[in-house]
Structure formats: structure tokens, C-alpha cells
Amino acid sequence: MTSAPLNAVIAAHRFGLGEARLDVVGNDPAGWLKAQIGPADRPVGRLLASSQQGLAAYTEQKVPTRALLGDPMPKQPAMAGGRAMPAADDPPELREIVNADIQSRLLTAAQTRRPFAERLTLFWANHFSVSILKSTVRGLAGAMEREAIRPHIAGNFETLLRAAATHPSMLRYLDNNASAGPHSRTVQRNLARRGGTDKPVKRATGLNENLAREIMELHTLGVANGGGSYGPWGGYTQADVTAFAAVLTGWRATDPPRNGQAGYFEPNVHEPGPKRLLGKTYPEGPEALNMVLHDLATHPSTARFIATKLARHFVADEPPVSLVDKLARSFSGSGGDLAAVYRTLIDAPESWDPAARKLKTPEEFGISTLRVLGVAERHMAQGKDSVLGSMGQRPMSAPSPAGWPDKAEEWLGPDAVWKRVEWAMRIAERADPQTDARALARASLGARLSDTTERQIERAADGQQALVLLLMSPEFQRR
């Protein structure tokens with residue numbers, strides 16, 4: 001490993017979310033990180049829904065359930081500057097929930113004393129991405145993070161997978177409410193009512209494979225026949241996807257919530273009979289889903305896929321194969337114990353490579369800026385000066401089920417870089433006039449601060465320019 005001062009910087013910025021002073025890390029950076037392993041912090045801020053009561057809490061706020069769960073064929077939300085915006089006809093209560101959820105997420109990340117745990121929360125929320133770009137998810141994405149992600153980030157991967165896959169936001173986002181077994185009682189009854197004509201029926205009459213495909217491709221096994229030097233991944237066929245979609249029939253988000261539960265199994269739309277996938281036969285009924293999720297969670301492809309994504313997120317866009325190997329062995333050997341995998345990540349010499357190879361995403365850049373400067377809640381609000389503004393990564397608004405990209409090439413276009421500069425300039429204009437960017441650079445970046453960057457900050461025309469130079473420096477932009 002490298003010298004202790006540099007390891008403190010790596011712990012604070014690569015594994016964490018940035019610190020104004022490195023003395024919070026202490027003399028044992030690895031120990032500081034390991035002490036944070038566990039369930040994520042309870043979110044802070046003004047929440048409009050309880051993490052303990054799920055969707056039932058939304059209805060207690062007198063928000064129409066239909067507004068939360070959406071119509072079967074919803075209109076897509078309006079777009080502004082590439083960001084999802086609540087649809088114009090959204091009720092004010094729903095817009096308030098969406099904004100409160102986003103503000104809570106950012107405030108929690110900006111204020112937490114367990115930044116490694118919070119970074120893991122952001123990682124897993126992106127891995128199991130649901131996006132308010134789809135109107136059926138607006139009002140539910142924040143609940144997904146609180147209920148399915150935060151409690152399980154350091155538990156068993158299978159538990160996390162089950163919580164995410166069966167959460168109402170995921171069931172809605174990937175259209176499982178629109179899926180029905182072709183031979184189910186409900187579909188057969190609807191077809192009989194059609195009387196053999198081509199007259200369409202409003203209810204689903206067949207499988208929707210979206211959820212099955214994304215659980216396999218994005219959440220567990222990886223892209224079929226993928227992986228390259230990090231593989232092999234996949235190991236499944238289209239027939240496996242179809243069979244898994246049949247297993248998933250019947251799992252739906254309730255409307256309205258039933259007995260405080262957000263999801264339920266509807267036997268009348270479940271495809272009858274056994275299903276065969278990945279070389280194994282699963283029985284009819286709700287118990288089959290847990291069986292399939294267990295086999296997916298413990299599959300060797302899942303171990304390598306998750307290991308690669310973790311190594312890519314924390315270390316490099318093209319992480320060392322040796323590190324992926326270590327993480328995959330830890331994942332498989334521990335039965336998917338995520339805490340054990342994180343300890344392996346922390347103990348690996350590859351994780352402490354002094355080269356800062358990861359570019360911060362816009363959200364990470366915004367959060368680390370607020371952590372280093374001290375939280376200014378006004379920057380969390382909607383508007384051009386906010387973390388949610390023009391940098392192109394509004395939380396909970398990923399462009400696809402694959403989540404936000406985690407490679408620098410996706411965030412280094414000239415327009416994207418200029419947006420960072422503009423945002424840094426606006427933040428500097430509103431920062432405390434007493435902020436000393438020179439002292440802050442030394443305290444926050446420590447041994448990573450280069451002579452070149454230090455000279456540029458020293459020679460700045462004024463305090464605002466010095467702060468912009470700090471925020472846009474390679475040392476601050478990368479981790």
C-alpha cells in the first residue's frame with residue numbers, strides 16, 4: 001500500500017464522498033471504512049412517507065393512490081434539459097413527494113458520518129435502478145431506496161435482490177403488473193368473453209418479459225455470453241427469460257395497498273404448471289420466485305458480474321482482473337455475504353492504487369462539494385443553481401433500467417464538462433466569503449494535492465476563482 005496520508009485521501013474520496021478535513025479518517029483508513037459496514041443510515045430531511053409503513057404511509061398523507069401507482073397506460077413525463085420532470089398534470093402532493101424524496105437522498109449523503117455506507121447505498125440504488133422518467137414510478141422511487149436498499153446493503157445479496165425485485169416500484173417500472181400467464185384463469189376467462197373474435201380486451205393477455213430479462217441481465221447474471229476478460233457472465237437463453245417471466249406472473253403492486261403491504265401475489269393471473277429454466281424445474285405458485293432468486297443469487301455468473309461492477313465503481317473503469325477475482329471468490333465463498341465482499345475490497349492492495357482513475361459523476365461531484373463546503377440546503381432545491389440542475393444527473397431519473405453509466409467516457413463530453421464549470425462558479429458565488437480555498441485544498445486533498453493545482457489556487461485573482469479552481473481540479477474531480 002501507499003503512505004498513510006494518501007490512504008486517508010483515498011478512503012475519504014474514493015470509498016467515501018469527500019471530507020473537508022482528513023482527520024475524520026484517523027490513522028487507520030481501512031479500519032475507518034470497515035467500521036461503517038452495516039445497514040445504511042436512516043434518511044434525513046422532511047420525508048412524506050415512512051420507511052416502516054411503505055405505500056400505506058402515502059395514503060395516510062391523503063395522496064390519491066392512483067396518483068402514486070399510475071394508470072395502466074401513463075403519459076410519459078415532460079423533459080427539461082435531459083432531466084425528468086413531473087408531468088404537468090401531476091397533483092401537487094405527488095410533486096411534493098418526489099422533490100422531498102430527492103432532497104432527502106442528497107441531504108443524507110451530504111451530512112452522513114458514514115460516507116462509505118452511503119456510497120454503497122448509491123451504488124445499489126443505481127444497480128437496482130427505477131426511474132421517475134416513467135410516471136408509474138413517481139412517488140415510489142424514494143420508497144424503493146428506503147425500504148429495499150438501505151436496510152440490506154450489508155446483508156446477504158439474495159435478501160437485497162428479493163427486496164428489490166418484489167418492491168412495487170420495480171414491479172411497476174418493469175411492467176410486471178401488465179404480465180399475465182396466457183393459460184391463467186383470468187386470461188382464459190377474458191378470451192372466452194371475446195367469443196373467438198379479434199376484439200381486443202383491456203386486460204393483459206400474455207407475458208411481459210421486462211422484469212425477468214432485467215433481473216437476469218442487469219441485476220444478477222449479466223448480459224448473456226458477456227463478461228469478456230472479467231467473465232464468463234450470463235449462461236442463460238431467451239427460453240430461460242420466458243420461463244422466468246412465467247414464474248413472475250401474479251406478482252403485482254397493490255392498488256390500493258392491502259393490510260399495509262405494497263406487493264401481493266394474484267393467483268388468477270399466474271401461469272399454471274411447472275417452469276423450467278437454467279436446467280432446473282420450478283413448481284407452480286408464489287414459492288417458485290424465491291427458489292429462482294436463490295439460484296440466481298448463488299450462480300457463479302452473478303458472483304463475477306457483481307464483483308466486476310463493484311471493482312469498476314470503486315477502483316477503475318477497467319478494473320484489475322485480479323481484484324475482480326478476489327471479490328468474486330469472496331462473494332461465492334461467503335454465500336453472497338456483502339459485508340464480507342466489502343471487507344475483501346478494502347483489504348485488496350489494488351483498491352489503494354494511488355492513481356485516481358474514477359471520474360466523479362455529476363451527483364458525486366455535487367455531493368462531495370456540499371460535504372467539503374458544508375451543507376447548504378438551498379442548493380438542494382429545484383433550480384439552475386442546485387445539485388438537481390443542469391449537470392445532467394437528476395437523482396432517481398436514470399435514462400434506462402441499466403441505471404446511470406459508471407465510466408468516465410459517459411461524462412467527459414465538452415458540454416458536460418462546461419456544465420460542471422458553470423455549476424462550480426455559481427456555488428463559489430454563493431459560498432461563505434470567508435472560505436479559504438487554499439487551506440481547504442490542503443485539508444481535504446492532503447497528499448493528493450499536486451504542486452500545479454496548489455500554485456494555481458494560490459495565484460487565483462480572488463477567493464471565488466480559487467474555489468472554482470479547487471472544485472474543477474483533477475484531484476477533486478477524480479477519486
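Our structure's up above, just so we're on the same page.
Overview of the structure. Computed from a predicted structure; not experimentally measured.

Considerations on the nonpolar core
Logical step 1: With 94 residues, the main nonpolar core has F15, F116, W124, F128, F157, F244 and Y342 as its most contacted residues.
Logical step 2: Sequence-distant contacts of F116, defined by excluding residues within four places in its chain, comprise F15, G16, L33, Q36, I37, F314, Y342 and I346.
Logical step 3: Counting 21 residues, the second-largest nonpolar core is a separate cluster that includes F365, L445, L449 and A466.

Quick look at the environment of D175
Logical step 1: Structurally, D175 is set in the loop between α9 (168–173) and α10 (185–194).
Logical step 2: On a C-alpha basis, the gap between D175 and N210 in space is 6.6 Å, while along the polypeptide they are 35 residues apart.
Logical step 3: Leaving out residues up to four positions away in the same chain, D175 has contacts with K134, N208 and N210.

Focus on the side chain of R105
Logical step 1: On the secondary structure map, R105 appears in helix α5 (residues 92–111).
Logical step 2: On the basis of relative accessibility, which here comes to 9%, the residue R105 falls in the buried class.
Logical step 3: Reaching out from R105, the side chain makes a polar contact with the side chain of E363 at a distance of 3.2 Å.
Logical step 4: Filtering out sequence-adjacent residues up to four positions away, R105 remains in contact with E118, L122, E145, E363, P395 and M396.

With respect to the packing of helix α17 (residues 362–373) against helix α18 (residues 414–430)
Logical step 1: Relative to each other, α17 and α18 sit at 20°, their axes nearing to 12 Å. One way to sum up the angle between α17 and α18 is to call them roughly parallel. Like other packed secondary-structure pairs, α17 and α18 cross with a definite hand, here right-handed. Within the contact between the two elements, α17 uses P362, F365, G366, T369 and L373 and α18 uses R420, W423, A424 and I427.
Logical step 2: Of the residues assigned to the contact of α17 with α18, the class counts are 6 nonpolar, 2 polar and 1 charged.

A few points about helix α21 (residues 463–471)
Logical step 1: Taken together, the buried positions of α21 are A466, L467, V468, L470 and L471.
Logical step 2: Among the structural elements, α17, α18, α19 (437–445), α20 (451–458) and α22 (474–477) are those in contact with the buried residues of α21.
Logical step 3: Measuring from the backbone nitrogen of Q464 back to the side-chain oxygen at the start of α21 gives 3.2 Å, which picks out D462 as the cap.

Calculation criteria
Numbering of residues begins from 1 in every chain and follows the order in which that chain's sequence is written. The predicted nature of this model means local features are confined to residues of pLDDT at least 70 and side-chain atom pairs, given and counted, to a pLDDT of 80 or more, with totals for whole chains, interfaces and linings taken over all residues. Here the side-chain values reflect all heavy atoms present in the structure, with hydrogen atoms and water set aside. Each nonpolar core is a collection of buried residues, namely Ala, Val, Leu, Ile, Met, Phe, Trp, Tyr and Cys, held together in the definition by side-chain atoms within 4.5 Å. Three labels apply to residues, based on accessible area from a 1.4 Å probe with only protein chains included: buried if under 20% of the type maximum, exposed if over 50%, partly exposed otherwise in between. Note on definitions: a residue-residue contact is assigned when non-hydrogen atoms from the two residues lie within 4.5 Å. Helix numbering and strand numbering both begin at the N terminus, where a helix is a DSSP run of H or I of at least 4 residues and a strand a DSSP run of E of at least 2. Polar contact is defined as a pair of N or O atoms within 3.5 Å, subject to the rule that within protein one atom must be able to donate a hydrogen and the other to accept it, and that residues adjacent in sequence are counted only when both atoms are side-chain atoms. Only C-alpha atoms enter the line fits that serve as axes; for helices the fit covers just the stretch in contact. Angles between N-to-C directions range over 0 to 180 degrees. Every angle not falling under 35 degrees, over 145, or within 65 to 115 is termed oblique; those three ranges are roughly parallel, roughly antiparallel and roughly perpendicular. For a crossing to be left-handed, the near helix must be turned anticlockwise from the far one by less than a right angle; the clockwise case is right-handed. Only Asp, Glu, Lys and Arg are considered charged, only Ala, Val, Leu, Ile, Met, Phe, Trp, Tyr, Cys and Pro nonpolar, and every remaining residue, Gly among them, polar.

Just distances and angles here, no functional claims.
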